[in-house]
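This is what each chain is made of:
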Amino acid sequence: MNTGILIIAHAPLASALRDCVLHVYPEAASGVLALDVPPSAPTEDTRLAARALLEQLAAPNTLVLTDVFGATPCNVAQKVVDGVHSKLVAGVNLPMLLRTVNYRHEPLDVLVARALSGGAQCIMQVAVTAPQNQNRKSHDKSHHDHQQ
């Protein structure tokens, strides 16, 4: 059975990330849930909502992803994960989420490692011009750059 994934983030980020991942993996809709935390939401209400979504996932294991360590969504998540059947990773981004959904059939500890590497490996500075992104052999006289 697949690991459930719960995204808890500042509104509207959690739902937006879920929508993006379901664009790629529509079959994962029941296994990926989102909780948007509005700025004025009482912490206890958010905790109860998070607990209800964990139960709704009905997965043997759950990976909880939050946006910012130390912020309300992460603090709430820390109160609902048990560290055994559910794990918490802060700093969610779309590459991390795509990787976790793609590998959600793997054991929870392996999935956490994939989430961490997927999130970090996809953060990079990208050159703004194509020739800087490519290794071109200096002896290639037939290559011409064309702007479009």
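For the structure given in this document, a descriptive report is provided here. (Residues numbered from 1 in each chain as written. Predicted model: local features only at pLDDT ≥ 70, side-chain atom pairs only at ≥ 80, totals over all residues. Heavy atoms only, no water.)

As for the side chain of Thr3
Mapped onto the elements, Thr3 comes out in the segment before strand E1 (4–10). The exposure class of Thr3 is buried, given its relative accessible area of 4%. The residues touching Thr3, leaving out its near neighbours within four places in the chain, are Gly31, Ala59, Asn61, Thr62, Leu63, Arg104, Glu106, Leu108 and Leu111. (Helix = DSSP H or I, 4+ residues; strand = E, 2+ residues; numbered from the N terminus. Buried < 20%, exposed > 50% of the residue type's maximum accessible area, 1.4 Å probe, protein only. Contact = heavy atoms within 4.5 Å.)

Re the pattern of salt bridges
Taken as a whole and judged by the stated rule, the model has 3 salt bridges. A salt bridge links Glu44 to Arg47; the shortest N-O distance between them is 2.5 Å. Placement of the pair is Glu44 and Arg47 together in helix H2 (residues 43–57), with a separation of 3 residues, close to one helical turn. According to the relative accessible area criterion, Glu44 is partly exposed, its value standing at 42%. As a salt-bridge pair, Asp109 and Lys87 come within 3.4 Å of each other at their nearest N and O atoms. With a gap of 22 residues between them, Asp109 in helix H5 (residues 108–121) and Lys87 in strand E4 (residues 86–90) connect regions that are remote in the sequence. Judged by its relative accessible area of 21%, Lys87 is partly exposed. (Salt bridge = Lys/Arg side-chain N within 4 Å of Asp/Glu carboxyl O.)

Digging into the pairing of strand E3 (residues 62–66)
Of all 5 residues in E3, 5 are buried; the element is thus mostly enclosed. Residues of E3 alternate between two faces, with Thr62, Val64 and Thr66 on one and Leu63 and Leu65 on the opposite face, all of them buried. Relative to E4, E3 runs parallel, the two being bridged by 5 bridges. By the bridge assignment for E4, Thr66 is matched with Ala90. As for the winding sense of the linkage, the β-α-β connection from E3 through helix H3 (residues 72–80) to E4 is right-handed. (Pairing = 2+ DSSP bridges. Right-handed = clockwise from strand over helix to strand, strands pointing away.)

With respect to the nonpolar core
Val21, Val32, Leu63, Leu65, Leu97 and Val101 are the most contacted members of the largest nonpolar core, which totals 21 residues. Put simply, the parts of the chain that give this core at least two residues each are E1, helix H1 (13–24), E3, helix H4 (94–102) and H5. Once you skip the residues sitting within four places of it in the chain, Val32 turns out to touch Ile5, Ile7, Arg18, Val21, Leu57 and Val101. (Core = buried A, V, L, I, M, F, W, Y, C linked by side-chain atoms within 4.5 Å.)

Considerations on the sheet that holds E1
Reading across the sheet, the 4 strands line up as E2-E1-E3-E4 and stay open at both edges, with parallel pairing between neighbours. Sheet topology places strand E2 (32–37) and E4 at the edges, where each strand pairs with a single neighbour. Sheet twist, expressed as the average angle between the axes of neighbouring strands with direction ignored, equals 20°. Bridge count for E1 against E2 is 6 bridges, and the pairing is parallel. Counterpart to His10 in the pairing with E2 is Val37. The strands touched by H2 are E1, E2 and E3; relative to E2, the strand with the most contacts, the crossing angle is about 175°. (Axes fitted to C-alpha atoms, helices over the stretch in contact; angles between N-to-C directions.)

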